[in-house]
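# Structural overview for review
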Amino acid sequence: MTSDRNVTANFELGSYPLALTAGQGGSVIGSGNFSHGKTVNITASPDAGYRFTGWTGGSPADANAKSTTVTVTKPVTLTANFEKIRYSIHVSVTPIGAGSVSGADSFEYGETVTLTATPIKGYQLSHWSGTTFASSSATEQTLIVTSDLNLAVTFDRHPNAGTLS
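For the structure given in this document, a descriptive report is provided here. Note that the coordinates shown come from a computational prediction; the quantities given were computed from them, not determined experimentally.

This paragraph deals with the packing of aromatic side chains. For the structure shown, the criterion picks out three aromatic pairs. By way of ring pairs, the aromatic residues F52, W55 and F82 are connected into one cluster. The lysine or arginine in question, R157, covers the ring of Y123, its NZ or CZ lying 5.5 Å from the ring centre.

Structure, rendered in structure tokens:
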């Protein structure tokens, strides 16, 4: 160099990918390419019958929140995790001891369940209540689990209870 020169250096922030993936049972929003240091809103949305269980990978602000933020300082991959919700089906019997019900338990969302009411000697099934059945007087009921259920089955004394063998 034989003379003074002015030199200008121009810099810009690096850009990094934020890759979001969803495990079975949900979807995610917030993927893209972002400038270094950018804080990005990310959201996990569970499908019907699923619950969000947390983010894995990267460093979200709150790994247990469906909606949170992540600050991008390098390439980041995050996975939203989901699990099927389990629901309980409870059945009470009226009068107590007049019969029994089989099939009540805890089930995953979407499972098909069959409940069977069995009266003891001298009783007959009157009806089921607690949800809508095609026939509330049928001894066997089939339903698809979508929520917790508290059902009741009512038995009546059979008109010929004294002569039944």
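Okay, back to it.
Bringing the environment of G30 into the picture now. With respect to the helices and strands, the residue G30 is situated in the loop between β2 (26-29) and β3 (32-35). Placed 74 residues apart in sequence, G30 and A104 show a C-alpha to C-alpha distance of 41 Å. Apart from residues lying up to four places away in sequence, G30 is in contact with L18, L20, V40, N41 and I42.

Looking at the secondary structure, you find T68 in strand β6 (residues 67-72). Assessed through its relative accessible area of 10%, T68 is described here as buried. Among the polar contacts made by the side chain of T68, one reaches the main-chain amide nitrogen of D62 at a distance of 3.0 Å. Aside from chain neighbours lying at most four places away, what touches T68 is V40, N41, I42, W55, P60, A61 and D62.

The biggest cluster of nonpolar side chains holds 18 residues, and the ones touching the most others in it are I89 and L143. When residues of this core are assigned to their parent elements, the largest contribution, four residues, is made by strand β14 (residues 149-157). Judged by nonpolar contacts, the second largest core, of 15 residues, contains F34, V40, A44 and V76.

The rules behind the values
Residues numbered from 1 in each chain as written. Predicted model: local features only at pLDDT ≥ 70, side-chain atom pairs only at ≥ 80, totals over all residues. Heavy atoms only, no water. Phe/Tyr/Trp six-rings, centres within 6.5 Å; stacked < 30°, edge-to-face > 60°. Lys NZ or Arg CZ within 6 Å of the ring centre and 35° of its normal. Helix = DSSP H or I, 4+ residues; strand = E, 2+ residues; numbered from the N terminus. Contact = heavy atoms within 4.5 Å. Buried < 20%, exposed > 50% of the residue type's maximum accessible area, 1.4 Å probe, protein only. Polar contact = N/O pair within 3.5 Å; in protein donor to acceptor, adjacent residues only side chain to side chain. Core = buried A, V, L, I, M, F, W, Y, C linked by side-chain atoms within 4.5 Å.

These figures come from the coordinates and say nothing about function on their own.
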